[in-house]
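Coordinates in review
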Amino acid sequence: MNAAASDTRAVSSGPVVARHYPLFEFALSTVLLFTVVTVVRWLMAPPSPLRIADVQTALAVVGVIVGAVLLCLIYSPWGRRSGAHMNPAVSVALWLMGAFPRRWVLPYVLAQLAGSLAGAALAGLVWGQTATAAPIRYAAVQPAPDWNGLSVFVAEFGCLVAVTLLIGFFLAYPARARWLPLTLAAATALIVGVLGPRSGGATNPARQLGPALLSGESGYLAIYLIAPVLGAVLGAGIHQLLQRYGTARRVPTYHLCPSTADPALT
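Residues numbered from 1 in each chain as written. Predicted model: local features only at pLDDT ≥ 70, side-chain atom pairs only at ≥ 80, totals over all residues. Heavy atoms only, no water.

Details of helix α9 (residues 180-195)
Note on helix geometry: an α-helix contains 3.6 residues per turn, so any two residues three or four positions apart are oriented the same way. Spanning 16 residues, α9 covers 21 Å between terminal C-alpha atoms, matching the ideal 22 Å at 1.5 Å per step. Turning to α9, its buried residues are L180, P181, L184, A185, A187, A189, I191, V192, G193 and L195. Of the surrounding secondary structure, the elements contacted by the buried residues of α9 are α3 (55-75) and α8 (149-172). (Helix = DSSP H or I, 4+ residues; strand = E, 2+ residues; numbered from the N terminus. Expected span 1.5 Å × (residues − 1). Buried < 20%, exposed > 50% of the residue type's maximum accessible area, 1.4 Å probe, protein only. Contact = heavy atoms within 4.5 Å.)

Some details on the pattern of salt bridges
By the definition in use, this model includes one salt bridge. The shortest N-O distance in the salt bridge between E217 and R137 comes to 3.0 Å. Of this pair, E217 sits in the loop between α10 (205-215) and α11 (221-245) while R137 sits in the loop between α7 (129-132) and α8; the two residues are 80 residues apart in sequence, bridging distant segments of the chain. Taking the relative accessible area as the measure of exposure, R137 reaches 33% and is therefore partly exposed. (Salt bridge = Lys/Arg side-chain N within 4 Å of Asp/Glu carboxyl O.)

Here's the deal with helix α2 (residues 21-44)
With 24 residues, α2 extends 34 Å from end C-alpha to end C-alpha; this agrees with the ideal 34 Å at 1.5 Å per step. With 18 of 24 residues buried, α2 is to be regarded as a mostly interior element.

Focus: the packing of helix α5 (residues 88-96) against α11
Interhelical geometry of α5 versus α11 gives an angle of 25° and a closest axis separation of 8 Å. With respect to α11, the element α5 is oriented roughly parallel. Regarding α5 and α11, the two cross each other, and that crossing is right-handed. Touching A89, V92, A93 and L96 of α5 are P228, V229, A232, V233, A236 and Q240, all from α11. (Axes fitted to C-alpha atoms, helices over the stretch in contact; angles between N-to-C directions. Parallel < 35°, antiparallel > 145°, perpendicular 65-115°, else oblique. Left-handed = near helix turned anticlockwise from the far one by under 90°.)

Brief notes about the environment of L209
When you line up the elements, L209 lands in helix α10. For L209, a relative accessible area of 12% translates into the label buried. If we skip the residues at most four places from it in the chain, L209 touches L113, S116, L221 and L225.

Overview of the environment of T247
Its place among the elements puts T247 in the segment after α11. A residue is classified by how much of its surface remains accessible, and T247, at 70% relative accessible area, is exposed. Sequence-distant contacts of T247, that is, excluding residues within four places in its chain, are made with Y173 and L242.

Structure (structure tokens):
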């Protein structure tokens, strides 16, 4: 079999993931978590000259900045190649929607979680006690005092159901898929700004794992790890039902910034 025939068979059998793509996911997740800790350190640490005293306003600004960085990472060369998931729940959702190979789910998830630890640790090394000590503590999220575990679970779970359905909708219609990166960035800013002061607004196991482990703020860690994944499972299941009985289409690619050059769209 010649090389051209081999390539054709690889494309026709489904999305192709290169061996080094998990390394890209690790790098992207590292940058994302370093950015999160850095932004929180500068906007919320008491000694910072840029500190915003009002928590609600501060987290709204954090959300906008993190959303903008997320957008840049999705559009980056590495993001375009790996798919720029940076979230274990997203990788699981795309697998369940038939757009991501099962054998690559675990490598992606491990890379994202390792990037969470690396990014938070790097921010701690760069910014020192201002980032690692209270009240910043590696930007580990915590719910408001009047929010219990069930409320946090529902918020994290519900957000990933909605995010998964958004991803499924945009990726199922290639003509509209170009709007997905901007939509995800806006959704991230909204979640952080609205839910940040309440549930914590993590909605990403990789967002919380590194900061929680390094800071010791692990009281709600199980919820922040499990609820988004379960939300992604339900969102993917709803998309599959809509595909079977409604007007939804099969999601053809795991790239959050797809293009006509993506073999899965040709």
